Amino acid sequence: AEPVQRRTIQELPDELISQIAAGEVVERPASVVRELVDNALDAGARQVTVKLMAGGVRQILVEDDGCGIPVPELPLALKRHATSKIRSLDDLEHVGTMGFRGEALAAIASVSDMSVASRTPHDAHAHRLDARSGELTPAARAVGTSVEARELFFNTPARRKFLKSDATELAHCLEAVRRHALARPEVGFAVWHEGKLVEQLRPGTPAQRLQDVLGDEFVRTSREVDLQIGPMRVHGRAGLPDAARSRADWQYCYVNGRYVRDKLISHGVRSAYEDVLHGSRQPTYVLFIEIDPERVDVNVHPTKIEVRFRDSREVHQAVRKAVEATLARSRAGAEAAPLM
Ligand code: ADP
Ligand code: MG
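The structure presented is a predicted model; accordingly, all values stated were derived computationally and were not measured.

Criteria and thresholds
Residues numbered from 1 in each chain as written. Chains lettered and ligands numbered in written order. Predicted model: local features only at pLDDT ≥ 70, side-chain atom pairs only at ≥ 80, totals over all residues. Heavy atoms only, no water. Core = buried A, V, L, I, M, F, W, Y, C linked by side-chain atoms within 4.5 Å. Buried < 20%, exposed > 50% of the residue type's maximum accessible area, 1.4 Å probe, protein only. Helix = DSSP H or I, 4+ residues; strand = E, 2+ residues; numbered from the N terminus. Domains from an automatic or database assignment. Contact = heavy atoms within 4.5 Å. Pairing = 2+ DSSP bridges. Axes fitted to C-alpha atoms, helices over the stretch in contact; angles between N-to-C directions. Near = heavy atom within 4 Å. Polar contact = N/O pair within 3.5 Å; in protein donor to acceptor, adjacent residues only side chain to side chain. Nonpolar A, V, L, I, M, F, W, Y, C, P; charged D, E, K, R; others polar. Phe/Tyr/Trp six-rings, centres within 6.5 Å; stacked < 30°, edge-to-face > 60°. Lys NZ or Arg CZ within 6 Å of the ring centre and 35° of its normal. Expected span 1.5 Å × (residues − 1). Buried area = accessible area lost by both parts, 1.4 Å probe. Salt bridge = Lys/Arg side-chain N within 4 Å of Asp/Glu carboxyl O.

1. Here we look at the nonpolar core
Alright, step 1. Grouped together as the largest cluster of nonpolar side chains are 55 residues, with contacts concentrated most on V26, V33, V48, V50, F189 and V286.
Alright, step 2. If you tally residues by element for this core, the top one is helix α7 (residues 166–183), at eight residues.
Alright, step 3. In terms of domain composition, this core takes at least three residues from each of domain 1 (14–201) and domain 2 (206–333).
Alright, step 4. Here V48 is in contact with V37, A40, V62, E63, V187, G188, F189 and A190, once residues within four sequence places are set aside.
Alright, step 5. Listed in part, the 30 residues of the second largest apolar core include I86, M232, V255 and I265.

This is how it looks when you write it as structure tokens:
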């Protein structure tokens, strides 16, 4: 065999480290939207506006009316592993914010042309920091923050090639906003694409938001779930067996307000339907699991879409029982209903 042409070990340049790390967090425009909306919500925003060009590839602009970032901290906000959300391991174990890794802005800045404009209630005007040039300039906006990312993956062509059509990327961006919106009905959301308003969700009650995001059909064909079991509460809505779909597209699950995809939870739901759903038919549900933060580890995946439970059996059972109770009630209700 050929002798290996070994090269010396060297530390990677900072820029490359960021680009490698960004690969884990930023897969496509929707990942940027997800991270920026997370930040807006963590900042206490009441209204979040997302403006996209070319499915988000050309431009993603997320504007909020949250607390803003003080000027001296603006450069820090763009640094890797810099966050205002945790200070210690103990904070990490009780984390109540969507973010805490201090990675998103640095990651986005390393794969796009990014700028942040922000104003706190104490500032006379806003300031904009351009990530590439480091230039800080006065800007005009109300209290809150705007983050703009242009030309996603312009400097990582291999990544850019994996992007799908603008329509597909836009659909993913919209889905990212809807996932947030379902969990935060008190916050208004608007999405613009190419200068046209494509989604508007006004602040309202949880029921209103469910209706606005998933529509009449979901509301009509689902029933309320609400069960407290020990330290956990499972609430939301689960679809009647007849409403099951061929695709798993109406399945939303949240742990302490964070959207997650979790096999254990989906299996728990599925098992509640075991006698009434056959084959590959997919139940519909929007479920919120509230659990003591100490009983769940959210720091297992860079995008935090996966979590780890201290006691997974407890979670599986709670989800199953909560949905079972709903299905049993709806059956009893159907039997008790007068015959037409
Ligand atoms: P993380 O959210 O994990 O802290 P980010 O890189 O997403 O990391 O953001 C870094 C920091 O910048 C945040 O901790 C926060 O202090 C600040 N920040 C980012 N976006 C906003 C925003 N929209 N409003 C206010 N502060 C923000
Ligand atoms: Mg963040």
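2. Some details on the sheet that holds strand β3 (residues 113–119)
Alright, step 1. Pairing is mixed in the open sheet, where eight strands are placed in the order β5-β4-β3-β6-β2-β1-β7-β8. Strands with a single pairing partner mark the edges of an open sheet, and in this sheet they are β5 (136–139) and β8 (196–201). Going across the sheet, the axis of each strand differs from the next one's by a mean of 15 degrees, ignoring polarity.
Alright, step 2. Where strand β1 (residues 47–53) lies against strand β2 (residues 59–64), six bridges are found, and the strand directions are antiparallel. Within β2, the residue paired with V48 across the bridge is D64.
Alright, step 3. Relative to the sheet, helix α2 (residues 29–42) contacts β1, β2, β6 (144–150) and β7 (188–193), its axis offset from that of β2 by approximately 10 degrees.

3. Some thoughts on the site of ligand 1
Alright, step 1. Inspection of the region around ligand 1 gives 19 residues, with D64, T83, S84, K85 and G102 positioned closest.
Alright, step 2. In the environment of ligand 1, an oxygen atom lies 2.6 Å from a nitrogen or oxygen atom belonging to the side chain of T83.
Alright, step 3. Measuring from an oxygen atom of ligand 1, one finds a backbone N or O atom of F100 at 2.9 Å.
Alright, step 4. Looking at the shell around ligand 1, the elements that each hand over two or more residues are α2 and α5 (104–110).
Alright, step 5. In terms of residue class, the shell around ligand 1 is made up of eight nonpolar, seven polar and four charged.

4. Things to note about the packing of aromatic side chains
Alright, step 1. Per the stated rule, a full pass over the model turns up four aromatic pairs.
Alright, step 2. Between Y252 and Y259 the ring centres are 6.2 Å apart and the planes differ by 65 degrees, which places this aromatic pair in the edge-to-face class.
Alright, step 3. Between Y254 and Y259, the ring centres sit 5.6 Å apart and the planes meet at 75 degrees, which makes this aromatic pair edge-to-face. Across this residue pair, the class does not change: Y254 and Y259 are buried.
Alright, step 4. Ring-pair connections join several aromatic residues into one group, and the members of that group are Y252, Y254, Y259 and F288.
Alright, step 5. Directly above the aromatic system of W250 lies the positively charged group of R245, at a separation of 3.7 Å from the ring centroid.

5. Things to note about the pairing of strand β4 (residues 126–130)
Alright, step 1. Sheet topology note: the β3/β4 ladder contains four bridges and is antiparallel. Residue pairing in the sheet places S118 in a bridge with H127 of β4.
Alright, step 2. Hairpin connection from β3 to β4: six residues lie between these consecutive antiparallel strands.
Alright, step 3. Where β4 and β5 come together, four bridges link them in antiparallel fashion. Residue H127 lies in a different strand from β5, and its bridge partner there is P138.
Alright, step 4. Where β4 folds back onto β5 in an antiparallel hairpin, the turn is made up of five residues, including G134, whose phi is positive at roughly 75 degrees.

6. Here we look at the side chain of R28
Alright, step 1. Relative to the helices and strands, R28 is located in the loop between α1 (14–25) and α2.
Alright, step 2. Note on R28: relative accessible area 16%, which makes it buried.
Alright, step 3. Apart from residues no more than four positions distant in its own chain, R28 is found in contact with L152, F153, L163, K164, E169 and H172.

7. A word on α2
In an α-helix there are 3.6 residues to a turn, and that puts residues three or four apart on one side.
Alright, step 1. The terminal C-alpha atoms of α2, which comprises 14 residues, lie 20 Å apart, in line with the 20 Å expected from a rise of 1.5 Å per residue.
Alright, step 2. With respect to burial, α2 is a largely interior element, 11 of its 14 residues being buried.
Alright, step 3. Looking one or two residues beyond α2, the residue adopting positive phi is G44, at roughly 80 degrees.

8. Brief notes about the domain arrangement of the chain
Alright, step 1. If you check the domain split of the chain, you get domain 1 (14–201) and domain 2 (206–333).
Alright, step 2. The centre of domain 1, based on its C-alpha atoms, is set 28 Å off from the matching centre of domain 2.
Alright, step 3. At the interface, 25 residues of domain 1 touch 23 residues of domain 2.
Alright, step 4. For the pair domain 1 and domain 2, the summed buried area comes to about 2100 Å², and 59% of that belongs to carbon and sulfur atoms.
Alright, step 5. It is R101, R179 and L182 that lose the most area in domain 1 upon contact with domain 2, and together they represent 32% of the buried surface on that side.
Alright, step 6. Taken together, domain 1 and domain 2 are joined by zero salt bridges.

9. A word on the sheet that holds strand β12 (residues 258–259)
Alright, step 1. Strand order in the open sheet formed by five strands is β9-β10-β13-β11-β12, and the pairing between neighbours is mixed. Two strands bound the open sheet, and with one partner strand each, they are β9 (222–229) and β12.
Alright, step 2. As paired elements, strand β11 (residues 251–255) and β12 share two bridges and run antiparallel to each other. Looking at β12, one finds that Y254 is bridged to Y259.
Alright, step 3. Sheet strands in contact with α7 are β11, β12 and β13 (285–290), and its direction is about 55 degrees off that of β11.
Alright, step 4. Helix-sheet contacts for helix α10 (residues 312–336) involve β9, β10 (232–239) and β13, and the interaxial angle to β9 is about 135 degrees.

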